[in-house]
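Residue-level listing of the chains:
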Amino acid sequence: MKKVRFPIPPGSRKFQCITCGRKKTCKFFHRDRTRRYGIHPECKECRSQRQSAYSRRTRPARNAYDRAWWASNKEYAREMHRKMRLRRRRRDPVAYLIKRAKAAAKWKGLAFNLRHCDLTIPERCPVLGMKLVWPRKLVRRRPANLPSIDRVNPRRGYVRGNVRVISFRANLLKRNATLDELKALVRYVEEAST
Ligand SMILES: [Zn+2]
């Protein structure tokens, strides 16, 4: 590496930038202990401009390289994304549920305005009383005790005050049934079993 010599002798408190040539005090230069005066010879302004220009110029090549790499390592990518999703879910289950709800709302054409503070995951399903558990692996079939978002009034959508976390099993049973429909169903099942 070529050593850059400063045009200003030591002892002077102002240094000249090798790019713009302006004289500035040392706080306008990055620290660099390997350099002669312990500062980088190019001022912070010039340096950041040069670096961001470099980054902009090389971005298309970088992106192309990344795309090609991920395309030729599809199997690995799939596995890694699965792991990432699991880790994210374990770290912040509420954020995971909200993200899923947002996608579901878009897909179903429903309203959505949930934020992180609008949702709490209870330890047990408030309907069936079973313990809510996140499985350790991502499974194709959702287990009965998986936490899931219930829309109290299904047609109001994923809206603040209209959501609770219940077990997937309870959610599956309720689905989009109305209270009257559920009552009729209970009557029917009760009559059939007596
Ligand atoms: Zn400069």
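Residues numbered from 1 in each chain as written. Predicted model: local features only at pLDDT ≥ 70, side-chain atom pairs only at ≥ 80, totals over all residues.

Turning our eyes to something else, we now look at the overall build of the protein chain. Within the protein chain, the secondary structure is distributed over 5 helices and 6 strands. Helices and strands in the protein chain line up, N terminus first, as β-β-β-β-α-α-α-β-β-α-α. Against the 2.2 N^0.38 benchmark of 16 Å for 194 residues, the protein chain shows a C-alpha radius of gyration of 30 Å, more extended than a compact globule. Overall, the C-alpha framework of the protein chain stretches about 100 × 40 × 30 Å when taken along its three principal axes. Here the protein chain, with 194 residues, has 10% of them falling under the buried criterion. (Helix = DSSP H or I, 4+ residues; strand = E, 2+ residues; numbered from the N terminus. Rg over C-alpha atoms; globule rule 2.2 N^0.38 Å. Buried ≥ 20, exposed ≤ 12 C-beta atoms within 10 Å, placed from the backbone.)

This part covers helix H5 (residues 179-193). In this model, H5 (15 residues) spans 21 Å end to end at C-alpha, consistent with the 21 Å of a helix rising 1.5 Å per residue. Of all 15 residues in H5, 0 are buried, a share of ten percent or less. (Expected span 1.5 Å × (residues − 1).)

A word on the environment of Ile149. Mapped onto the secondary structure, Ile149 falls in strand E5 (residues 147-151). Taking the C-alpha atoms as reference, Ile149 lies 9.3 Å from Ile121; in sequence the two are 28 residues apart. Sequence-distant contacts of Ile149, that is, excluding residues within four places in its chain, are made with Leu97, Ala101, Tyr158, Val163 and Val165. (Contact = placed C-beta atoms within 7 Å.)

Residue placement: Arg35 occurs in the loop between strand E3 (29-31) and strand E4 (39-43). Not counting residues within four places of it along the chain, the set of residues in contact with Arg35 comprises His40 and Pro41.

Glancing now at the environment of Asn113. Inspection of the secondary structure puts Asn113 in the loop between helix H3 (93-108) and E5. In this structure, the C-alpha to C-alpha distance between Asn113 and Val159, residues 46 residues apart in sequence, is 5.3 Å. Beyond its immediate chain neighbours, meaning those up to four positions away, Asn113 contacts Val159 and Arg160.

It helps to recall that an α-helix has 3.6 residues per turn; residues three or four apart then point in one direction. Here H3 contains 16 residues, and its C-alpha end-to-end distance of 22 Å stays within 8% of the 22 Å for a straight helix at 1.5 Å per residue. Buried residues along H3 sit in contact with E5 and strand E6 (163-167). The first or second residue beyond H3 is Gly109, which carries a positive phi of 70°.

Right, let's get into the confidence of the model for the protein chain. Averaged over the protein chain, the pLDDT score is 90; the fraction of residues at 70 or greater is 94%. Per-element mean pLDDT across the protein chain ranges from 89 in strand E1 (residues 14-16) up to 96 in helix H1 (residues 44-72). (pLDDT = per-residue confidence, 0-100.)

The next point concerns the nonpolar core. Counting 7 residues, the largest nonpolar core consists of Leu97, Ile98, Ala101, Leu114, Leu119, Tyr158 and Val163. With 3 residues, H3 is the largest single contributor of residues to this core. Residues within four places of Leu114 in sequence aside, it is in contact with Ile98, Ala101, Leu119, Tyr158, Arg160 and Val163. (Core = buried A, V, L, I, M, F, W, Y, C linked by C-beta atoms within 7 Å.)

The backbone phi angle of Arg175 is positive, close to 45°, even though this residue is not glycine. Among the secondary structure elements, Arg175 is positioned in the loop between helix H4 (168-174) and H5.

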